[in-house]
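Notes for the structure review
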Amino acid sequence: MIRSFLTLLAALTFWAMPATAQENSGPLRLEITEGVIEPMPFAVPDLVAESAQARDLATRIARVIAADLSGTGLFREIPAEAHIGRITNFDSPVQFADWRAINAQALVTGAVSLDGAGRVVVKFRIHDVFAGQELGRGQQLVGEEDGWRRIAHKVADQVYSRITGEGGYFDSRVVFVSESGPKGERAKRLAIVDYDGANLRYLTDASTIVLAPRFSPTGDRVLYTSYETGFPRIYLLDVADVGRRALPTLDGTMSFAPRFSPDGRTVLYSLTQGGNTDLYTMDIASGASVRLTNAPSIETAPSYSPDGSRIVFESDRSGSPQLYIMEARGGEAQRISFGRGRYGTPVWSPRGDLVAFTKQAEGRFHIGVMRTDGSEERLLTASFLDEGPTWAPNGRVIMFTRETRGEQGEARLYTVDITGRNLRQVPTNGGASDPSWGPLQE
Amino acid sequence: MTYLSKTIILVAGLALAACTNPDRFADGDGSGTGGAGLSGAASDPTSSAYFQQAVGDRVLFAVDQSTLSAQAQSTLDAQAQWLMTNSDYTAVIEGHADEQGTREYNLALGARRANSVRDYLVSRGVADNRLRTVSYGKERPIEICSEEACYTKNRRAVTVLAAGSVS
């Protein structure tokens, strides 16, 4: 497969603005708090098509921006039918009264054209309607035509981050396991999609079981476990050309649960020898492994802290699966989970302050978060089987696998805000499990 | 027992085996075991079909456990005896878990189960270079309902025969 993604040429070049340019400190502000919030009303009229061929894109880009913002649960779109004002010229002054009348607090205007080389050129501005001024400066984005969705996501990321003060997450991708076939002999393939389920591409065929992929910190490589040889083994795959290679292993062992270190040079993983599973690291360049734990219990599902100094992992050394934190080089571990039930799949948040996990208690599964000292545990979801959280690049949203019960049971991807609000299914073509949310793209 | 009733029992046995033999997974070359499946007639005591049906190719485990029950040990005693008699076979012991657990933990749990079967067979005299282990975690349930009736059959270790050397 050939890589056909856009290169965002001169991405986010600041676009020279007239005297109305504002500092990034307008009064339009949405604080994301734990309490119930009223979504902020916004309007995204179709972009102004500055060339005839750009007319379709003018609508499609506006729709993706609106879907990104509405999908957060923090914003509510005022539909085009309700609009009074019309944006027909990107540079004409906005008639704010028209947008105040429909109570749009935020207004995104833009223009799109195709340049001589067939590239998409998008200009946009974000307006604080009630203050009657721009929020930050207008910008211009240029990209290949088939990358128009990424341009739309980048605009939405700007809107989101200027209004909330948080980093965005829309221009990101997810690698996951696409599932098909009956429950007893599920076919599994690695697949990659945009965060919103668009642009699905398969990375492996369905000839063997593949499990639990993980993106590299820069999103260009994927670690996963495959039964290609008949035994679980870790593979490293290049996303652009889908070339893959098996990482070195010891004969007669199983290796699985691989994770990249934050610098992308080391793989943290589980190795099972003689029925006992412990944690190891492997230097990707040399293939040399170092043993981190040495206990008769199960040690698996590890995750590095964002600075790479510590590791949170799952162990049943106390008699049931619980979460522990140790130094990245191994050594003594501190237990951090003490609630009733079984804890697994801990994943350190990109901000470093929280650990997301799977909890199993009283016959139900939950996705939850706790502080890294184990305090302030909060369960965000509950169902027959929720597992495997992965963090959005900004640490505000968690994606996970939800599987329904019974013979017809099927796995799907869901997202939930770390406040526990805004549970949504990610559209995928059929069954889907084991998501790994990649970084915000350059 | 008349010849006729013996035949009927044998046919019934084969039919049962056919519907409880999904362990040869249909996903390509993934089994890595040579995929012996059913070979030879179950009436032939040296056949893998006989091993599967008459000896018993699997043992079951309690929730989250890898210890062998008395019943499991008796099945494995018979397996060990058969394997020592039929020394042309090697085996891969597959460990499995029910769906009530996370994916990676269940892989490790299945490995424990497979290994406790392996250790037992070795303790009963089977050469350890004839045995390999693998875990499928919760990836290959034999029964697909979400009830204990199914879970109890999925928490298993299955001794899958292959002809020839393991390594």
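Presented here is a report on the structure given in the accompanying data block.

The rules behind the values
Residues numbered from 1 in each chain as written. Chains lettered and ligands numbered in written order. Predicted model: local features only at pLDDT ≥ 70, side-chain atom pairs only at ≥ 80, totals over all residues. Heavy atoms only, no water. Pairing = 2+ DSSP bridges. Helix = DSSP H or I, 4+ residues; strand = E, 2+ residues; numbered from the N terminus. Axes fitted to C-alpha atoms, helices over the stretch in contact; angles between N-to-C directions. Left-handed = near helix turned anticlockwise from the far one by under 90°. Contact = heavy atoms within 4.5 Å. Phe/Tyr/Trp six-rings, centres within 6.5 Å; stacked < 30°, edge-to-face > 60°. Buried < 20%, exposed > 50% of the residue type's maximum accessible area, 1.4 Å probe, protein only. Lys NZ or Arg CZ within 6 Å of the ring centre and 35° of its normal. Buried area = accessible area lost by both parts, 1.4 Å probe. Salt bridge = Lys/Arg side-chain N within 4 Å of Asp/Glu carboxyl O. Polar contact = N/O pair within 3.5 Å; in protein donor to acceptor, adjacent residues only side chain to side chain. Nonpolar A, V, L, I, M, F, W, Y, C, P; charged D, E, K, R; others polar. Expected span 1.5 Å × (residues − 1).

All names here are of chain A. Strand order in this open sheet of 4 strands is β24-β25-β26-β27, and the pairing throughout is antiparallel. Two strands in the sheet have a free side with no partner beyond their single neighbour: β24 (342-348) and β27 (378-379). When strand β25 (residues 354-361) meets strand β26 (residues 364-371), the two strands line up antiparallel, connected through 8 bridges. What sits directly across from V355, in β26, is M370.

On to the sheet that holds strand β22 (residues 322-327) of chain A. All names here are of chain A. The strand order across the open sheet built from 4 strands is β20-β21-β22-β23, with neighbouring strands paired in antiparallel fashion. If you trace the sheet from one side to the other, it starts and ends with β20 (299-304) and β23 (330-335), each paired once. Within the sheet, the average angular offset between the axes of one strand and its neighbour, ignoring direction, is 30°. Examined bridge by bridge, strand β21 (residues 310-315) and β22 share 6 bridges and lie antiparallel to one another. If you follow R310 over to β22, its bridge partner there is E327.

Residue and element names in this part refer to chain B. Running from N to C, helix α2 (residues 48-56) and helix α3 (residues 70-85) point in directions that differ by 145°, and their axes come no closer than 10 Å. Two packed elements cross with a definite hand, and for α2 against α3 that hand is right-handed. Here Y50, F51, V55 and G56 of α2 lie close against α3, whose contacting residues are T75, A78, Q79 and W82.

This part takes up the packing of aromatic side chains. Residue and element names in this part refer to chain A. On inspection of all chains with the given rule, the structure shows 16 aromatic pairs over all chains. Note on Y160 and Y169: the rings are 5.6 Å apart at their centroids and 85° apart in plane angle, and the pair reads as edge-to-face. Both residues of the pair, Y160 and Y169, count as buried. Between the aromatic rings of F170 and Y195, the centroid separation amounts to 5.6 Å while the plane-to-plane angle is 45°, which identifies the pairing as tilted. Taken together, the residues F170 in the loop between α3 (148-164) and β9 (172-180) and Y195 in the loop between β10 (187-194) and β11 (201-202) connect sequence positions 25 residues apart. Over the ring of F90 we find R125; its NZ or CZ atom is 4.4 Å from the centre of that ring. In this arrangement the basic side chain of R189 is found over the ring face of Y202, its NZ or CZ atom lying 3.7 Å from the centre.

Burial within strand β18 (residues 276-283) of chain A is extensive, with 7 of its 8 residues counted as buried. Following β18(A), the chain reverses through 5 residues before pairing antiparallel with strand β19 (residues 289-291) of chain A; G287(A) in that reversal takes a positive phi of roughly 80°.

On the chain A side, the residues contacting the 36 residues of chain B number 49 residues. In total, about 3500 Å² of surface goes out of reach between chain B and chain A, with carbon and sulfur atoms giving 52% of it. The largest per-residue losses of area from chain B upon contact with chain A belong to R103(B), E104(B) and Y105(B), which jointly make up 20% of the total buried on that side. Our count for the contact surface shared by chain B and chain A stands at 8 salt bridges. With its nearest N and O atoms 2.8 Å apart, the salt bridge here joins R103(B) to D434(A). Linking chain B with chain A are 18 residue pairs in polar contact (both at pLDDT 80 or more). When residues in the side of chain B that touches chain A are grouped by element, the largest group, 9 residues, is from helix α4 (residues 103-123) of chain B. When grouped by side-chain class, the residues that make up the side of chain B that touches chain A number 13 nonpolar, 11 polar and 12 charged.

Looking now at the environment of Q133(A). Here Q133(A) is to be found in strand β7 (residues 133-134). Separated by 37 residues in the primary sequence, Q133(A) and F96(A) place their C-alpha atoms 8.6 Å from one another.

Time to look at α4(B). For α4(B), which comprises 21 residues, the first-to-last C-alpha distance of 30 Å matches the rise-based estimate of 30 Å (1.5 Å per residue) to within 8%. With 18 of its 21 residues buried, α4(B) lies for the most part within the structure.

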